[in-house]
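# Inside the fold
Given next are the chains, with one letter for each unit.
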Amino acid sequence: MNHPYSYADDREEKLITTEGAEREEENIFLPKPARVLQAQPMGRTEKYFRLAFSDGSSMGHQPGQIVEASLFGYGEIPLGIASSPTREGYFDLLIRKAGRVSTALWNLEIGDTMYIRGPLGKGFPVDEFKGHDVLIVAGGIGLCPTRSMIEYIEDRREEFGHFTLFFGARTPKDQLFPNDLARWREEIDWIEYHETVDQGSPEWKGNVGVITTLFAKTSISKGCRVIICGPPIMYKFVIKELKKLGIPDAHIYVDLERRMKCGVGKCGHCQINGLYVCTDGPVFNYARIKNLEEAF
Amino acid sequence: MDTGIITKTNLKAVIEDLMQRGEVVAPVRKDDYVLFASLPSAEAACLDYANSKLSPKGCFFPQAEVLFYYQKEGHKIFEPPNEVKPGYLLGIRPCDARAIALLDPIFDEPRYQDVYYLERRKSKVMIGLACTRPQSTCFCSSTGGSPSDTTGLDMLWQDLGDRYLVRPITDRGRELLAKLPHVEEAAAEDLAKASEQEQAVLAKLPPIFSAEEAFSRLSAAFDDPLWQRIYERCLGCATCAFVCPTCHCFDIQDENRCGQGRRVRLWDSCQFSLFTLHTSGHNPRPCGKERLRQRVMHKFNYFKVNNGQIACVGCGRCIRECPVNMDIRQIVSAYCLR
């Protein structure tokens, strides 16, 4: 006798069906199609996508929230939303060609369809930042989720104090969002922008060195609220610098990434001890997770 | 009627009556072991068993399940039809019923309700079977349960030799009791015998530790060097997770053929090295030590922080099935004895 609740017995017949049964309840596993409005390769392995839901709905997210993006037949991956909710009618994603799903997504072109579940998780607690100086420290692809906050600050400039952005990339060729960077370098009224690369090139005139070398370029106020997002190794060194400046743990927010499947706090993949990065994060207050060994 | 009696000579008729009312999922013998399956006939029910090889969590959270079907052309998504048949889950042990009650806050979380789990969960009236013959691997009394615990059950049956004592727990259970045929009112001696038996079974299960003790000791055990020693024997095969009634991790995969296919979810386990591996190569739990620790800590510590109770019910399946004889009781006691 086959186990009645396994599909092993009807595997062949039911691989495909064109009969659906719509439910009244919301089904958290169903993605929504989104159309690619713009697609542009960036960096060495990244590609920038501007998308809009095919049904015309808006994302309605907080800066820092994530989505599960998928392509049928390949699978689903978690991605940080790279645009601010203040910019309506579209949302931006950045995809690094790394695995099977991300490569398939990377290959999409203008007019193609991507499937999206979200927004998911907790983003940056914007109210905690209001009225304070803000420092964002972004390393590599960590610029992508923090860009949602950068744009938010740009659009609601009067709500925040002095805004400083540190961006570090491996080499000049690895720099993302070149148009944005060019703008940030020149526009000084709302953003104090500092950048560095780990390895320079003959054409590169800027800083060379790890991202923590940027702390010497400017002064950061003690009341500053800080966002950190980058490769795992970066966090502890940046936090060490922030300690030297006397910034309390509770004013530091880290944006983490994990392997995820469901994105809704059930499948267990993204757990850091008892915390689910997908529902409790991906943005965490540093004071809350600083003692969790597996967090960084 | 508060408590009923079904004599074993009438058992077949009672199960047949249940089968008339709906689907009956019950333990059935398969080769050398017992598994939960939809009953083809009343005779197939095996209520004289210790416990099933696999936990009945698969009745609500199947090992493999279709989330939706898709067709690339036209971007069509088809929700699988709700083919769940209302009915009864008969003969579930109290430990396993408690485990299913522990899964509810995960899948029935108000923000993100899992429709597939809830459809199955709501479809079945839970009829438990009190444990009268605990095995050497059983330790429910150490995790806050007992051989006749009623958590997660609508009705509890207790085997008194030639008859079953039938106790309704919820309104659903009381309604069912009123409808069942061949039920007599339980006599005082039946109740006395049942409580005597309950005490005798409980006496065979002296607690090794308490749920609170395990929780508080493990709260301080994350950095303990003992994990290093404990994990060395573990193969990382995840058998423990697959037989566990409360393990609920899953993977999501697409199965594709010629532009059509389905997205499925499949049981997964934190004991696998790929479980947390990032595409970049970074792995937050790089070694078996972290993975075993995650499983034990999640059960006895993190789950209680998140959901108020520890997530081990003491069914002992992980101990019975482990190919290298890892014993979760020993692991937890090692910390409790410190």
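Residues numbered from 1 in each chain as written. Chains lettered and ligands numbered in written order. Predicted model: local features only at pLDDT ≥ 70, side-chain atom pairs only at ≥ 80, totals over all residues. Heavy atoms only, no water.

A word on the domain arrangement of chain A. Residue and element names in this part refer to chain A. As far as domains go, chain A holds domain 1 (14–119) and domain 2 (126–255). Each of domain 1 and domain 2 has a C-alpha centre, and the two are 26 Å apart. Residue-level contacts link 18 residues of domain 1 with 20 residues of domain 2. Buried surface at the junction of domain 1 and domain 2, summed over both partners, amounts to about 1700 Å²; 56% is from carbon and sulfur atoms. The largest per-residue losses of area from domain 1 upon contact with domain 2 belong to Arg-44, Pro-63 and Arg-87, which jointly make up 30% of the total buried on that side. One can count five salt bridges joining domain 1 with domain 2. Taking the shortest distance from any N to any O, the salt bridge between Asp-92 and Arg-147 comes out at 2.9 Å. Applying the counting criterion to the domain 1 and domain 2 interface returns ten residue pairs in polar contact (both at pLDDT 80 or more). (Domains from an automatic or database assignment. Contact = heavy atoms within 4.5 Å. Buried area = accessible area lost by both parts, 1.4 Å probe. Salt bridge = Lys/Arg side-chain N within 4 Å of Asp/Glu carboxyl O. Polar contact = N/O pair within 3.5 Å; in protein donor to acceptor, adjacent residues only side chain to side chain.)

Residue and element names in this part refer to chain A. The buried fraction of strand β7 (residues 134–139) is high, at six of six residues. Residues Val-134, Ile-136 and Ala-138 point to one face of β7 and Leu-135, Val-137 and Gly-139 to the other, with burial holding for every one of them. Two elements, β7 and strand β8 (residues 163–169), share six bridges in a ladder whose sense is parallel. Across the sheet, Val-134 pairs through a bridge with Phe-163, a residue of β8. The parallel pair β7 and β8 is bridged by helix α3 (residues 143–155), and the resulting crossover is right-handed. Relative to strand β11 (residues 225–229), β7 runs parallel, the two being bridged by five bridges. The partner of Leu-135 across the bridge, within β11, is Val-226. (Buried < 20%, exposed > 50% of the residue type's maximum accessible area, 1.4 Å probe, protein only. Helix = DSSP H or I, 4+ residues; strand = E, 2+ residues; numbered from the N terminus. Pairing = 2+ DSSP bridges. Right-handed = clockwise from strand over helix to strand, strands pointing away.)

Evaluated as defined, the whole model comprises 51 salt bridges over all chains. A:Arg117 is the salt-bridge partner of A:Glu76, the closest N and O atoms lying 2.8 Å from each other. Taken as a pair, A:Glu76 in strand β4 (residues 75–80) and A:Arg117 in strand β6 (residues 113–120) lie far apart in primary sequence, 41 residues in all. No difference in accessibility class separates A:Glu76 from A:Arg117, as the two residues are buried. One salt bridge connects B:Asp48 with B:Arg133, and the closest N-O pair in it is separated by 3.7 Å. Of this pair, B:Asp48 sits in the loop between β3 (33–38) and β4 (64–71) while B:Arg133 is found in the loop between β7 (124–129) and β8 (155–159), placing the two residues 85 residues apart along the sequence. One continuous salt-bridge network, built from bridges that share partners, spans A:Arg50, A:Arg87, A:Asp92, A:Arg147, A:Glu151, A:Glu154, A:Asp155, A:Asp180, A:Arg183 and A:Glu187.

Residue and element names in this part refer to chain B. Packing of helix α2 (residues 94–107) against helix α3 (residues 115–123) leaves a shortest axis separation of 10 Å and a crossing angle of 145°. For the crossing formed where α2 meets α3, the hand is left-handed. Counted together, Ile-100, Ala-101, Leu-103, Asp-104 and Phe-107 of α2 and Tyr-117, Leu-118 and Arg-121 of α3 form the full contact between these two elements. Here the contact of α2 with α3 is built from residues that sort into six nonpolar, no polar and two charged. (Axes fitted to C-alpha atoms, helices over the stretch in contact; angles between N-to-C directions. Left-handed = near helix turned anticlockwise from the far one by under 90°. Nonpolar A, V, L, I, M, F, W, Y, C, P; charged D, E, K, R; others polar.)

Further remarks concern helix α4 (residues 171–179) of chain B. Along an α-helix, residues three or four positions apart point the same way, because every turn accommodates 3.6 residues. Residue and element names in this part refer to chain B. Every buried residue of α4 is listed here: Gly-173, Leu-176 and Leu-177. Down the axis of α4, the buried set is contained in an arc of 100°. They therefore lie on one face. Exposed and facing more than 90 degrees away from the buried side of α4 are Asp-171, Glu-175 and Ala-178. In this structure, the buried residues of α4 make contact with α1 (11–21), β6 (87–92), β7, β8 and β9 (163–168). (Arc of directions from axis to C-beta.)

Our focus in this paragraph is empty space enclosed by the protein. All names here are of chain B. Counting across every chain of the model gives seven cavities of 30 Å³ or more. In terms of lining, the largest cavity is formed by 18 residues, of which the most central are Cys-240, Leu-292, Arg-295, Cys-322 and Met-326. Every element with two or more residues in the lining of the largest cavity is listed here: α8 (239–243), α9 (288–307) and α11 (328–336). The element that contributes the greatest number of residues to the lining of the largest cavity is α9, accounting for three residues. Across the lining of the largest cavity, the residue classes break down as 14 nonpolar, two polar and two charged. The volume enclosed by the second largest cavity comes to roughly 150 Å³. Lining the second largest cavity are 17 residues, with Cys-247, Cys-249, Cys-270, His-298 and Lys-299 sitting closest to its centre. Ranked by residues supplied to the lining of the second largest cavity, first place goes to α9 with five residues. (1 Å grid on protein atoms, 1.4 Å probe; cavity = no way out; pocket = protein on both sides within 12 Å on 5 of 7 lines; lining within 4 Å. Points joined across faces, edges and corners; volume = space filled by probe spheres on them.)

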